[in-house]
Amino acid sequence: MSLSSKIGFIAFLVLLFSVFLFVIFGQITVRRLRKNPEVKDSLGMELASGWDILNVAGALSRPRWFSEMMRKSPLNFMAADERPLYENTSKFERCLARLFFWPWATSGLVLLLLAILSSCEIID
């Protein structure tokens, strides 16, 4: 088994774990936030079903300086606003968001990078 296959397999397992956490985070946190009228409009644009789960997890996971930079962007309507989310979530929910979001983003990026490197025949 080559190194790229091992890395791809590990990234796939991490992605599978992240999908499990995606469902849990969506059922525990985002479902409640959708029902809250003061937070409902700050969940960001939903491009596909479940996209607001990614928006909320991303908003609770990213650094504050990046959130401030995004608020000044013309595309700020697409991302969730973290200020009302921090007021309406517990520490456990914020920890769950980070536990879901960063492994999901990292494993997706690794799998994408492996696919690009493999198609360019840089790795086996």
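Scroll up a little and you will see the structure.
For every chain, the first residue of the written sequence is number 1, and numbering continues from 1 along that sequence. The predicted nature of this model means local features are confined to residues of pLDDT at least 70 and side-chain atom pairs, given and counted, to a pLDDT of 80 or more, with totals for whole chains, interfaces and linings taken over all residues. As a convention, hydrogens and water are excluded, and side-chain values are obtained from all of the structure's heavy atoms.

J.: Explain the pattern of salt bridges to me, and be specific about the residues and the numbers.
T.: A pair is scored as a salt bridge if a Lys or Arg side-chain nitrogen falls within 4 Å of a carboxyl oxygen belonging to Asp or Glu. Applying the stated criterion across every chain, the model contains five salt bridges. Where Arg32 meets Glu93, a salt bridge forms, and the shortest distance between an N and an O atom there is 2.7 Å. Of this pair, Arg32 sits in helix H1 (residues 3-35) while Glu93 sits in helix H5 (residues 91-119), placing them 61 residues apart in sequence. Where Arg34 meets Asp52, a salt bridge forms, and the shortest distance between an N and an O atom there is 2.7 Å. With Arg34 in helix H1 and Asp52 in helix H2 (residues 51-61), the pair connects residues that are 18 residues apart, well separated along the chain. Overall, Arg34 belongs to the partly exposed group, its relative accessible area being 33%. Only protein chains enter the accessibility calculation, which uses a 1.4 Å probe; a residue whose area is less than 20% of its type maximum is buried, one above 50% is exposed, and one in between is partly exposed. Assessed through its relative accessible area of 4%, Asp52 is described here as buried. One salt-bridge network, in which partners are shared between bridges, spans Arg71, Asp81, Glu82 and Arg83. Secondary structure follows DSSP: runs of H or I at least 4 residues long count as helices, runs of E at least 2 residues long count as strands, and numbering of each begins at the N terminus.

J.: Which residues make up the nonpolar core, and what values go with them?
T.: For our purposes a nonpolar core is just a set of buried Ala, Val, Leu, Ile, Met, Phe, Trp, Tyr and Cys residues, chained together by side-chain atoms within 4.5 Å. One finds Phe25, Val56, Leu60 and Leu85 to be the most contacted residues of the largest nonpolar core, which totals 19 residues. Elements that contribute at least two residues to this core include exactly H1, H2, helix H4 (82-87) and H5. Considering every element that reaches this core, the biggest residue donor is H2, with six residues.

J.: Outline unusual backbone geometry, supporting the account with residue identities and numerical values.
T.: Not every positive phi belongs to a glycine, and Glu121 is a case in point at roughly 60 degrees. As for its placement among the helices and strands, Glu121 is situated in the segment after H5. Judged by its relative accessible area of 70%, Glu121 is exposed.

J.: Can you tell me about the side chain of Thr89, naming the residues and giving the values?
T.: Relative to the helices and strands, Thr89 resides in the loop between H4 and H5. The class for Thr89 is buried, based on a relative accessible area of 9%. Of the polar contacts made by the side chain of Thr89, one reaches the backbone oxygen of Leu85; its length is 2.7 Å. When neighbours within four sequence positions are excluded, Thr89 is seen to be in contact with Thr29, Arg32, Leu33, Leu60 and Arg94. As used in this structure description, the phrase polar contact means that two N or O atoms lie within 3.5 Å; if the pair is within protein, one of them must be able to donate a hydrogen and the other to accept it, and residues adjacent in sequence are counted only when both atoms belong to side chains. Whether two residues are in contact is decided by their heavy atoms: any pair within 4.5 Å suffices.

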